[in-house]
Amino acid sequence: KQEVTQIPAALSVPEGENLVLNCSFTDSAIYNLQWFRQDPGKGLTSLLLIQSSQREQTSGRLNASLDKSSGRSTLYIAASQPGDSATYLCAVGGYQGGSEKLVFGKGTKLTVNP
Amino acid sequence: KAGVTQTPRYLIKTRGQQVTLSCSPISGHRSVSWYQQTPGQGLQFLFEYFSETQRNKGNFPGRFSGRQFSNSRSEMNVSTLELGDSALYLCASNFIPGLGTQEQFFGPGTRLTVL
């Protein structure tokens, strides 16, 4: 059974700092890994999607890496801003137990202080 | 292009009642999936529909059901509501099915409170 863990559960940093969010998963047989952002009480906004054959994806100040063999992904945020404050979720897509699955971690709540 | 829309955005119900939530996918998308998000359990998959057929189902009791219409709009229904059903219900869509293989685009969610 796929399990996704995100550490830390919460992170507080000063504005301008570079930071890394971590995501680990137990089953390396995945199709992709997706990072989302969720603002309080809102839906999910897709940030980056990494296919299993890729090692990383970049979008603006965001860079996500994937190491399937070790079951890890990181989301790097450069020059953090107060507007980056949100909960960041990673989700692993795969096929298990006869059906497709998208398994989410519980997220890292990021606070960027001005 | 408009995003995924969900109605209503907020609902308050009492135990034992039933509720129907609606999701309209991005124009052209034919796959719709539903998720429940609670503080304790996080995001959990409910079911996925494509071309009016349920493709995948999560591990939820039969009180949770769904359907998809020919225009790809989807509804989910929860009968005999329990306090533990209080959650944010999220809908996601994609052009083609592939719960674990395709990028998912989420709506803003419906916040259900059961009293």
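Use the structure listed above.
All values derive from a computational prediction rather than experimental measurement.

Undergrad: Would you explain the overall build of chain B in this entry?
TA: A tally of helices and strands in chain B yields zero helices and 11 strands. Secondary structure elements in chain B, listed N-terminal to C-terminal, are β-β-β-β-β-β-β-β-β-β-β. A globule of 115 residues ought to have a C-alpha radius of gyration of about 13 Å, and chain B, at 13 Å, matches this closely. Overall, chain B is about 35 × 25 × 25 Å in size when its C-alpha atoms are taken along their principal axes. The buried share of chain B, reckoned over its 115 residues, is 50%. Contacts in chain B between residues at least 24 apart in sequence constitute 56% of all its contacts with a sequence separation of at least 6. Taken as a whole, chain B presents about 5200 Å² of accessible surface, with 50% of it coming from carbon and sulfur.

Undergrad: Help me understand the sheet that holds strand β8 (residues 72-77) of chain A in this model?
TA: Either a parallel or an antiparallel arrangement is found when strands of a sheet pair, and the pairing is made through backbone hydrogen bonds. Residue and element names in this part refer to chain A. One open sheet accounts for five strands, arranged β1-β3-β8-β7-β6; its pairing is antiparallel. Each having just a single partner strand, β1 (4-7) and β6 (56-59) make up the two edges of the open sheet. Averaged over all adjacent pairs, the angle separating strand axes in this sheet is 15 degrees, with direction ignored. Note that strand β7 (residues 62-67) and β8 share six bridges and pair antiparallel. If you follow Leu62 over to β8, its bridge partner there is Ile77.

Undergrad: Got a minute to help me understand the pairing of β6(A) in this structure?
TA: Each regular strand carries side chains that alternate between the two faces of the sheet. Examined bridge by bridge, β6(A) and β7(A) share four bridges and lie antiparallel to one another. Following the sheet pairing, A:Gln57 is matched in β7(A) by A:Ala64.

Undergrad: Explain the pairing of strand β9 (residues 87-94) of chain B here, please?
TA: Residue and element names in this part refer to chain B. For β9, a buried count of eight out of eight residues is recorded, marking the element as mostly surrounded by other parts of the structure. One ladder, built from three bridges, connects β9 with strand β11 (residues 110-114); its direction is antiparallel. Note on β11: the bridge partner recorded for Leu88 is Arg111. Both β9 and strand β10 (residues 105-106) contribute to a ladder of two bridges, which runs antiparallel. By the bridge assignment for β10, Ser93 is matched with Phe105.

Definitions and limits used
Residues numbered from 1 in each chain as written. Chains lettered and ligands numbered in written order. Predicted model: local features only at pLDDT ≥ 70, side-chain atom pairs only at ≥ 80, totals over all residues. Heavy atoms only, no water. Helix = DSSP H or I, 4+ residues; strand = E, 2+ residues; numbered from the N terminus. Rg over C-alpha atoms; globule rule 2.2 N^0.38 Å. Buried < 20%, exposed > 50% of the residue type's maximum accessible area, 1.4 Å probe, protein only. Contact = heavy atoms within 4.5 Å. Areas by Shrake-Rupley, 256 points an atom, 1.4 Å probe, with all protein chains shown as cover. Pairing = 2+ DSSP bridges. Axes fitted to C-alpha atoms, helices over the stretch in contact; angles between N-to-C directions.

Without other data, these values stay purely geometric and don't point to any function.
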